[in-house]
Amino acid sequence: QVQLVESGGGLVQPGGSLRLSCAASGSGFSISTMGWYRQAAGKQRDLVATISSGGSTNYADSVKGRFTISRDNAKNTVYLQMNSLKPEDTAVYYCKARIFRIGVSYENWGQGTQVTVSS
């Protein structure tokens, strides 16, 4: 079983920054695409950013120029650097990974971490 564990959420003032981390743990697996999604209260879960194993990135228009996704393949960890945060960025942030293990490919989600942007 491969687990994804997020960290780094919290309360921040508008204009502030946070860095989220998501680490995959387990044995005998590899990961292709990793990504961050968010779900605000009462809304659907939306894509924030994705990154391929080769480092190609994709961002939602709402976060372009403010958020940066990166990964450390040796640590099976993906990061989301969030700058110039706005109240509308408030949500539970989830990481997702495409995992390959014992000949099987599947997607796995983390448990989520709360980000609140408020003065």
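Reference entry: report on the structure contained in this document.

Cut-offs applied
Residues numbered from 1 in each chain as written. Predicted model: local features only at pLDDT ≥ 70, side-chain atom pairs only at ≥ 80, totals over all residues. Heavy atoms only, no water. Helix = DSSP H or I, 4+ residues; strand = E, 2+ residues; numbered from the N terminus. Contact = heavy atoms within 4.5 Å. Pairing = 2+ DSSP bridges. Axes fitted to C-alpha atoms, helices over the stretch in contact; angles between N-to-C directions. Core = buried A, V, L, I, M, F, W, Y, C linked by side-chain atoms within 4.5 Å. Buried < 20%, exposed > 50% of the residue type's maximum accessible area, 1.4 Å probe, protein only.

### What to know about the environment of C95
When you line up the elements, C95 lands in strand β9 (residues 91-101). Between the alpha carbons of C95 and T50 there is a distance of 9.4 Å; along the sequence they are 45 residues apart. Discounting residues that sit within four places of it in the chain, C95 has contacts with L4, E6, C22, G35, W36, V78, N108, W109 and G110.

### What to know about the sheet that holds strand β3 (residues 18-25)
Reading across from one edge, β1-β3-β8-β7 is the order of the four strands in this open sheet, with antiparallel pairing throughout. Edge strands, defined here as strands with exactly one partner in the open sheet, are β1 (3-7) and β7 (67-72). Sheet twist, expressed as the average angle between the axes of neighbouring strands with direction ignored, equals 15°. The pairing of β7 with strand β8 (residues 77-82) spans six bridges and is classified as antiparallel. Bridge assignment links R71 to a residue of β8, and that residue is V78.

### Section: the nonpolar core
Membership of the largest hydrophobic core comes to 30 residues, with the highest contact counts inside it found for W36, L80, M82 and Y93. Where this core is concerned, the elements lending two or more residues are β3, β4 (29-39), β5 (45-51), β7, β8, β9 and β11 (113-117). The leading source of residues in this core is β9, at five residues. The residues touching L80, leaving out its near neighbours within four places in the chain, are L18, R19, L20, W36, V48, A49, F67, T68, I69 and Y93.

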